[in-house]
Amino acid sequence: MHDAMTVVRRAGFPAVFWVAVAAAQEVPDGGVVLSRSWIAAPPPGAATAAGYLAIANDGETADRLLSVSAGFAGKAEIHGVSIDAHGVMRMRPVEGGLTLAPGETVILEPGGYHVMFTGVLEPLDEGSRWSVTLGFEHADDIEEDFDVLGRPAGMSHGDATGDATDAHDPGDGP
Ligand SMILES: [Cu+2]
């Protein structure tokens, strides 16, 4: 599964897309600001999916992402990734929550930290949007909309290098 996620990261998305998402989703709430929230579209029928976002702690004190929940999944966990002695990528739940140092942004992205949704009950189709609740040690809970974005194989345009001048860039998002 993580092989596919790595491909997603390499493929990237047009920079202009990220800027638009960040501007639209920044919601100040107890010093924690979320942006770039998305879910990698899982294969049809898959019971698991991975979500990603950037979490900025604009407050003056450290905070912690303790929990994630979503109505479309039986369970959601914060996972970290490491490479084992055999060079194989392993993921495991982050113990004690994800530390959010003041003034810093933690980025969950393919190949690294991610939200692991298991027991997925709904079709997470590309282009759909799902509400996810994030719980913090100090900040109030934040309900965030995650957009389901397609995998490279599902993209109609060939050049996915993120070049914004590409004439084949979709006009209405990836
Ligand atoms: Cu995981």
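All of these numbers come straight from a predicted model, not from anything done at the bench.

Cut-offs applied
- Residues numbered from 1 in each chain as written.
- Predicted model: local features only at pLDDT ≥ 70, side-chain atom pairs only at ≥ 80, totals over all residues.
- Core = buried A, V, L, I, M, F, W, Y, C linked by C-beta atoms within 7 Å.
- Buried ≥ 20, exposed ≤ 12 C-beta atoms within 10 Å, placed from the backbone.
- Helix = DSSP H or I, 4+ residues; strand = E, 2+ residues; numbered from the N terminus.
- Contact = placed C-beta atoms within 7 Å.
- pLDDT = per-residue confidence, 0-100.
- Pairing = 2+ DSSP bridges.

Quick look at the nonpolar core
Then, in step 1: By size, the foremost hydrophobic cluster in this structure holds 32 residues, and its most contacted members are Val32, Ile39, Ala49, Leu65, Val115 and Phe117.
Then, in step 2: At the level of elements, strand 1 (32-40), strand 2 (48-57), strand 3 (63-70), strand 4 (73-83), strand 6 (98-100), strand 8 (114-120), strand 9 (129-136) and strand 10 (142-149) are the ones that each hand at least two residues to this core.
Then, in step 3: No other element matches strand 1, which puts six residues into this core.
Then, in step 4: With sequence-adjacent residues up to four places away left out, Ala49 is seen in contact with Ile39, Ala40, Pro42, Phe117, Val120 and Leu124.

Observations concerning the environment of Lys75
Then, in step 1: Take Lys75: it is sitting in strand 4.
Then, in step 2: The class for Lys75 is partly exposed, based on 13 C-beta atoms found within 10 Å.
Then, in step 3: Sequence spacing of Lys75 and Val120 is 45 residues, and the spatial spacing of their C-alpha atoms is 8.1 Å.

Details of the confidence of the model for the protein
Then, in step 1: Confidence in the prediction for the protein averages 79 pLDDT; 69% of positions are at 70 or higher.
Then, in step 2: Across the protein, the secondary-structure element scoring lowest on mean pLDDT is helix 1 (residues 2-11), at 46, and the one scoring highest is strand 9, at 98.
Then, in step 3: Throughout residues 153-174 the model reports pLDDT below 50, and contacts reaching past four residues in sequence, or to other chains, amount to 27 contacts.

What about the environment of Leu149?
Then, in step 1: Structurally, Leu149 can be placed in strand 10.
Then, in step 2: The class of Leu149 is buried, set by 20 C-beta atoms lying within 10 Å.

Regarding the pairing of strand 1
Then, in step 1: Judged by how many residues are buried, strand 1 sits mostly within the fold: nine of nine residues are covered.
Then, in step 2: Here strand 1 pairs with strand 2 via six bridges, running antiparallel. Residue Trp38 lies in a different strand from strand 2, and its bridge partner there is Tyr52.

A closer look at unusual backbone geometry
Then, in step 1: The phi angle at Arg36 is positive, at roughly 50 degrees, despite the residue not being glycine.
Then, in step 2: Note on placement: Arg36 falls in strand 1.

Examining the environment of Leu134
Then, in step 1: Along the chain, Leu134 falls in strand 9.
Then, in step 2: Look at Leu134 and you get buried, because 25 C-beta atoms sit within 10 Å.
Then, in step 3: Remark: the alpha-carbon pair of Leu134 and Ala76, spanning 58 residues in sequence, is separated by 10.0 Å.
Then, in step 4: Excluding its chain neighbours within four sequence positions, the residues that come into contact with Leu134 are Leu65, Val68, Asp141, Ile142 and Glu144.

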